[in-house]
Amino acid sequence: MTGAAGPGEGASRSGVHGEGGGVRGGLPSSSLSALRGPAVRRLLALRQEQRLTTRHVRLMAESLEVTERTVWRWLAAAEHDESAAAEPGARAQSKDRFSVTPEVRRLLALWKGNVAAVHRELTARAAKGEGDPPPSIPTLHRAIQLSRVFFYAQRVSSELGISQL
């Protein structure tokens, strides 16, 4: 043989099907994403029939160009939520998603940027019935960081005379 990879050998065997350009393994990323839902529903059906094997999951992961662990996570989420089966890997859209309010900004100023102190204050207020319980400290920290970036960008855009960001 001249070193050419035969069927089942080479890139497809390693799980890496292509590189760059949004087209991997011959299919655009959008097509691979569109195949996730039907694939997960099929795996769920196999699981309900008690016929699901690791080989099924591995094959699906290779076909969709994701890790095996990702497919297992999609399956776990889909068992608890039908919308997760429809769009595996999509972020959950929740009205309860945390956002930084003017009150959180005031507390952040009061506590001189200490996110843990803001969290303690919000937790104490919630315990007294003065508001909802706060998110976890990492979520609070992430939201504050994102809002800082957004407000910095707004300030810079207004200084440059850009009306909308």
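Provided above is the structure to which this section pertains.
Summary of the structure given here. Since the model is a prediction, treat every value here as computed from it, not as a measurement. (Residues numbered from 1 in each chain as written. Predicted model: local features only at pLDDT ≥ 70, side-chain atom pairs only at ≥ 80, totals over all residues. Heavy atoms only, no water.)

**Quick notes on the pattern of salt bridges**
Next up, step 1: Applying the stated criterion to the full structure yields six salt bridges.
Next up, step 2: Two residues, Arg125 and Glu103, come together in a salt bridge whose shortest N-O distance is 2.5 Å. Of the two residues, Arg125 is situated in helix H7 (residues 115–127) and Glu103 in helix H6 (residues 102–110); the sequence distance between them amounts to 22 residues.
Next up, step 3: Salt bridges here are not isolated pairs; linked through shared partners, they connect Glu103, Arg106, Glu121 and Arg125. (Salt bridge = Lys/Arg side-chain N within 4 Å of Asp/Glu carboxyl O. Helix = DSSP H or I, 4+ residues; strand = E, 2+ residues; numbered from the N terminus.)

**Concerning the nonpolar core**
Next up, step 1: In this structure, Val40, Leu43, Leu44, Leu52, Val71 and Leu75 are the most contacted members of the largest nonpolar core, which totals 15 residues.
Next up, step 2: Of all the secondary-structure elements, those providing two or more residues to this core are helix H2 (29–48), helix H3 (54–64) and helix H4 (68–80).
Next up, step 3: If you tally residues by element for this core, the top one is H2, at five residues.
Next up, step 4: Beyond its immediate chain neighbours, meaning those up to four positions away, Val40 contacts Trp74, Leu75, Ala78, Ala85 and Pro88.
Next up, step 5: Grouped together as the second largest cluster of nonpolar side chains are eight residues, Val104, Leu108, Val118 and Ile144 included. (Core = buried A, V, L, I, M, F, W, Y, C linked by side-chain atoms within 4.5 Å. Buried < 20%, exposed > 50% of the residue type's maximum accessible area, 1.4 Å probe, protein only. Contact = heavy atoms within 4.5 Å.)

**Some remarks on the packing of H6 against H7**
Next up, step 1: Contact geometry of H6 with H7 gives a least axis separation of 9 Å together with a crossing angle of 125°. The angle between H6 and H7 falls in the class oblique. Helix-helix and strand crossings are classified by hand; for H6 and H7 the assignment is right-handed. Contacts between H6 and H7 involve Glu103, Val104, Leu107 and Leu108 on the former and, on the latter, Val115, Val118, Glu121, Leu122 and Arg125. (Axes fitted to C-alpha atoms, helices over the stretch in contact; angles between N-to-C directions. Parallel < 35°, antiparallel > 145°, perpendicular 65-115°, else oblique. Left-handed = near helix turned anticlockwise from the far one by under 90°.)

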